[in-house]
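# Tertiary structure, described
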Amino acid sequence: MTKNLATDSKKLVDAAVAAMDDKKGMDILFIDFSKTPNTVARYFVICHGSSNIHVNTLADGVIDGVRTQTGAKPWNKEGYENAEWILLDYADVVVHIFQENSRQFYKLEDLWADMEISRVAGKQ
């Protein structure tokens, strides 16, 4: 049975977004690189939290939600030590969870402004 990588990647994005929304992630969006060759990933999923504890809770929620919905585990995790910017690397999908000041400083969505960016309307 052949897996459809694009479909699997989008399911992972949807699971990460749902987990972020469930844990009250702020300004959730995802950037679609799938139509562009030779990019670092198919998707970036980005949000921010209001504190170190919130950022850690968001990251833990994404890991649990993605594992529950897709069975996937991150290949790598970075940033738990200070929780200013936690990165969860799922190979084709990279999840970025910031504190608001770090997000404003790095401006990933501005860096990739020429890509397709989808903002997610939350329940907040």
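Refer to the preceding data block for the structure.
These numbers come from a predicted model, not from an experiment.

Attention now moves to the sheet that holds strand β5 (residues 93-99). Strand order in the open sheet formed by 6 strands is β3-β4-β5-β2-β1-β6, and the pairing between neighbours is mixed. Taken across any chain shown, the strands that pair with only one partner, and hence form the sheet edges, are β3 (76-78) and β6 (116-119). Between one strand and the next, the sheet's axes are offset by a mean angle of 15°, whatever the strand orientation. Strand direction decides the pairing type here: strand β4 (residues 85-89) and β5, joined by 5 bridges, are antiparallel. Within β5, the residue paired with leucine 88 across the bridge is valine 95.

Before going further, it helps to spend a moment on the side chain of serine 9. Along the chain, serine 9 falls in helix α1 (residues 5-22). If we skip the residues at most four places from it in the chain, serine 9 touches Arg42, Tyr43, Asp92 and Val93.

Procedures and definitions
Residues numbered from 1 in each chain as written. Predicted model: local features only at pLDDT ≥ 70, side-chain atom pairs only at ≥ 80, totals over all residues. Heavy atoms only, no water. Pairing = 2+ DSSP bridges. Helix = DSSP H or I, 4+ residues; strand = E, 2+ residues; numbered from the N terminus. Axes fitted to C-alpha atoms, helices over the stretch in contact; angles between N-to-C directions. Contact = heavy atoms within 4.5 Å.

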